[in-house]
Amino acid sequence: MIKELHLKNWKSFGDTILYIEPVTVLMGLNASGKSNAIDALLFLQRIVKKDFSDIFINEEGKDIIRGGYEEATKYKEKNFTIGVLFGKENGDLYYEITCVINITNRNCTILNEKITEITNENTIILLERGFDLKSDFIKYGKPIDLSDKQAFHIVPIPKHSSILNHLISYKGLSEYDAGGKKAIVLAEALETIFILDVQPNSARDYSKITDRLQGNGSNVAGFIAGLPKKKQKGVLVKILEYAKQLPEKEFTKIFVKKVGILKSDVMLYCEESFFEEKRIADARTLSEGTLRFIIILTAILTRPANSLLVIEEIDNGIHPSRASLLLEILLKESTEKNIDILVTTHNEAFLNVLTPHLLAFVMYVHRDKAGNSIITPVDEIEELPRLLAQGNLGDVVANKKLHHFLNGE
Ligand SMILES: Nc1ncnc2c1ncn2[C@@H]1O[C@H](COP(=O)(O)OP(=O)(O)OP(=O)(O)O)[C@@H](O)[C@H]1O
Ligand SMILES: [Mg+2]
């Protein structure tokens, strides 16, 4: 699983580490840098799947990573570095990439890239990028020791592909591929990162049957309909179980139904018990909070084991009194499904339900006096007990007490 995200001169960050726990709450005031950190995870996920030429923008020239090329590197800096520490059996893997952006030509070039294995005994470079005028190459050690120049095995790689992308698509290098075989789990983990930024209103229409949930949740109905029958039933039962606790009166059924002659379009329905007779409401009339909740649950219940799910502004549009329900779901389902869940929030209600033993999961993002975003694990703040004596975590954040303390004010 991914344990740490290292950011250097990425967007608003100076040099900082985000520690990733089974459940991580990334909290901070507006514009502190929470989404900028999530954008780094999106960058990593995209460089596994894609060629570098369309990492930041799509074919129509629209930004896929917010701010596009212009905002990737911290203001006035030339390069950015993103690193990720991945925990596996018998040691960790550390991947690091440094890039330079050319805003005029709208391109991103790799300056350095390597994967290192860190065990109790030693630290070894498994794979490293080499540079050439025509085509870059990856240096594979024989079997994994790159200090011996004679032992390199060199594999050409396009200038615009990351080592991660190469690992996913390249199959085997006989005696030289020990490093590659070890490192592939890291590429796979980054490839399965899923970032959910729910737009409930985009999910009100019919959607096509699919096996891929959109990042905004717009096709949740089509995605649920596309699940294998047994899985679909399990997911809908679980969603109902949790969603029942949401409104004043219970939902009695949540289901999807195929419509049209070709039965390729799907609508989401909820049976409500607000009146004496039960009433069926379709996604067009469901409350925003209900839709948001259903989309979040669908993602949590369907992500593959050992993957990282990111949920932006988890508690947006959900009543503050349901904050503890959300937290309970995150903790229970992340353990049951063996997934890591990283959420962002600036809602004090959500923070106020965090019991002391959960503080180890909270990362506080703030801007230092120079404007750099910094991430601090809350349980490492020595003054925390004193601050918490003045109120719950949410209140301490809302009153900017934590912010003032960290900036020595
Ligand atoms: N390349 C960059 N250099 C410096 N600052 C940047 C860069 N890119 C973005 N920022 C700054 O980052 C801030 C936005 O950060 P971000 O979107 O991560 O905030 P957030 O914590 O998610 O806030 P919210 O809670 O409102 O969603 C803005 O002030 C923006 O100017
Ligand atoms: Mg944000």
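For the structure itself, look to the data block above.
Residues numbered from 1 in each chain as written. Chains lettered and ligands numbered in written order. Predicted model: local features only at pLDDT ≥ 70, side-chain atom pairs only at ≥ 80, totals over all residues. Heavy atoms only, no water.

1. So, the nonpolar core
Part 1 of the argument: Formed by 70 residues in total, the largest nonpolar core has its most connected members in L268 and F293.
Part 2 of the argument: For this core, the leading source of residues is helix α6 (residues 288-302), giving 9 residues.
Part 3 of the argument: A domain split of this core shows at least three residues from each of domain 1 (2-191) and domain 2 (194-347).
Part 4 of the argument: Excluding its chain neighbours within four sequence positions, the residues that come into contact with F293 are Y242, A243, L246, I318, L325, L326 and I329.
Part 5 of the argument: Counting 58 residues, the second largest nonpolar core, distinct from the first, contains L7, L44, V84 and A187. (Core = buried A, V, L, I, M, F, W, Y, C linked by side-chain atoms within 4.5 Å. Buried < 20%, exposed > 50% of the residue type's maximum accessible area, 1.4 Å probe, protein only. Helix = DSSP H or I, 4+ residues; strand = E, 2+ residues; numbered from the N terminus. Domains from an automatic or database assignment. Contact = heavy atoms within 4.5 Å.)

2. Description of unusual backbone geometry
Part 1 of the argument: Unlike most non-glycine residues, R106 shows phi in positive territory, near 50°.
Part 2 of the argument: Mapped onto the fold, R106 is located in the loop between β5 (91-102) and β6 (107-118).
Part 3 of the argument: Residue K263 is not a glycine yet carries a positive backbone phi of 55°.
Part 4 of the argument: Looking at where K263 falls in the secondary structure, it is placed in the loop between β12 (251-259) and β13 (265-272).

3. Examining the packing of aromatic side chains
Part 1 of the argument: Under the defined criterion, the tally for this structure stands at 6 aromatic pairs.
Part 2 of the argument: Residues F56 and Y69 carry aromatic rings whose centres are separated by 5.1 Å and whose planes lie at 50° to one another, so their mutual orientation is tilted. Separated by 13 residues along the polypeptide, F56 in the loop between α1 (34-49) and β4 (79-88) and Y69 in the loop between α1 and β4 bring together distant segments of the chain.
Part 3 of the argument: Summarising the aromatic geometry, the rings of F255 and Y269 are spaced 5.3 Å apart at their centres and angled 15° between planes, so their arrangement reads as stacked. Highlighted residues: F255 in strand β12 and Y269 in strand β13, separated in sequence by 14 residues.
Part 4 of the argument: Within the aromatic cluster, the residues linked to one another by ring pairs are W10, F43, F56, Y69 and F80.
Part 5 of the argument: Cation over ring: K253 sits above F255, and NZ or CZ is 5.0 Å from the ring centre. (Phe/Tyr/Trp six-rings, centres within 6.5 Å; stacked < 30°, edge-to-face > 60°. Lys NZ or Arg CZ within 6 Å of the ring centre and 35° of its normal.)

4. Observations regarding the site of ligand 1
Part 1 of the argument: As a structural note, the neighbourhood of ligand 1 is formed by 18 residues, with N30, K34, S35, N36 and H346 the closest of them.
Part 2 of the argument: Contact between ligand 1 and S32: an oxygen atom at 3.2 Å from a side-chain N or O atom of the residue.
Part 3 of the argument: A distance of 2.8 Å separates an oxygen atom of ligand 1 from a polar atom in the side chain of S35.
Part 4 of the argument: For ligand 1, the protein covers 75% of the area, taking 660 Å² as the surface of the free molecule. (Near = heavy atom within 4 Å. Polar contact = N/O pair within 3.5 Å; in protein donor to acceptor, adjacent residues only side chain to side chain. Areas by Shrake-Rupley, 256 points an atom, 1.4 Å probe, with all protein chains shown as cover.)

5. Regarding the sheet that holds strand β18 (residues 373-377)
Part 1 of the argument: Ordered by their spatial adjacency, 6 strands build an open sheet running β10-β15-β16-β3-β17-β18, and the pairing between neighbours is mixed. Either end of the sheet is taken by a strand with one partner, and the two such strands are β10 (194-196) and β18. Each adjacent strand pair in this sheet contributes to an overall mean axis angle of 20°, direction not counted.
Part 2 of the argument: Pairing geometry for β10 and strand β15 (residues 308-311), over 3 bridges, is parallel. Directly across from F194, in β15, lies its bridge partner L309. (Pairing = 2+ DSSP bridges. Axes fitted to C-alpha atoms, helices over the stretch in contact; angles between N-to-C directions.)

6. Side note on the environment of A37
Part 1 of the argument: By the secondary structure assignment, A37 is in helix α1.
Part 2 of the argument: C-alpha separation for the pair A37 and V365, spaced 328 residues apart in sequence, amounts to 9.6 Å.
Part 3 of the argument: Setting aside its immediate chain neighbours within four residues, A37 contacts L5, L7, F13 and L26.

7. What about the sheet that holds strand β8 (residues 136-140)?
Part 1 of the argument: The strand order across the open sheet formed by 8 strands is β2-β1-β4-β5-β6-β7-β8-β9, and the pairing between neighbours is antiparallel. Looking at strand neighbours, the two that pair on one side only are β2 (15-19) and β9 (153-157), the edges of this open sheet. Neighbour-to-neighbour, the strand axes of the sheet open up by a mean angle of 20°, direction not taken into account.
Part 2 of the argument: Pairing geometry for strand β1 (residues 2-8) and β4, over 6 bridges, is antiparallel.

8. Focus: empty space enclosed by the protein
Part 1 of the argument: In the structure shown here, the tally under the stated rule is 2 cavities of 30 Å³ or more.
Part 2 of the argument: Of the volumes computed, that of the largest cavity is approximately 40 Å³.
Part 3 of the argument: Lining the largest cavity we find F293, I296, L297, I300, L326, I329 and L330.
Part 4 of the argument: At the level of elements, α6 and α7 (323-337) are the ones that each hand at least two residues to the lining of the largest cavity.
Part 5 of the argument: Top contributing element to the lining of the largest cavity by residue count: α6, with 4 residues. (1 Å grid on protein atoms, 1.4 Å probe; cavity = no way out; pocket = protein on both sides within 12 Å on 5 of 7 lines; lining within 4 Å. Points joined across faces, edges and corners; volume = space filled by probe spheres on them.)

9. Regarding helix α5 (residues 229-243)
Part 1 of the argument: Relative to the 21 Å expected for 15 residues at 1.5 Å per residue, α5 spans 21 Å between its end C-alpha atoms, a close match to the ideal helical length.
Part 2 of the argument: All buried positions along α5 are accounted for by Q232, V235, L236, K238, I239, L240, Y242 and A243.
Part 3 of the argument: Residues of α5 that are buried make contact with α4 (220-226), β12, α6 and α7. (Expected span 1.5 Å × (residues − 1).)

10. Considerations on the side chain of S334
Part 1 of the argument: Position of S334 among the secondary structure elements: in helix α7.
Part 2 of the argument: Here the side chain of S334 touches L330 through a polar contact of 2.9 Å, landing on its backbone oxygen.
Part 3 of the argument: A polar contact of 3.2 Å, which involves the side chain of S334, links it to the backbone oxygen of L331.

11. Some remarks on the packing of α1 against helix α3 (residues 178-191)
Part 1 of the argument: Two elements in contact, α1 and α3, have axes whose closest approach is 8 Å; the angle formed by their N-to-C orientations is 115°. In this structure, α1 meets α3 at a crossing whose hand is left-handed. Contacts from L44, Q45, V48 and K49 in α1 reach A187, L190 and E191 in α3.
Part 2 of the argument: In terms of residue class, the contact of α1 with α3 is made up of 4 nonpolar, 1 polar and 2 charged. (Left-handed = near helix turned anticlockwise from the far one by under 90°. Nonpolar A, V, L, I, M, F, W, Y, C, P; charged D, E, K, R; others polar.)

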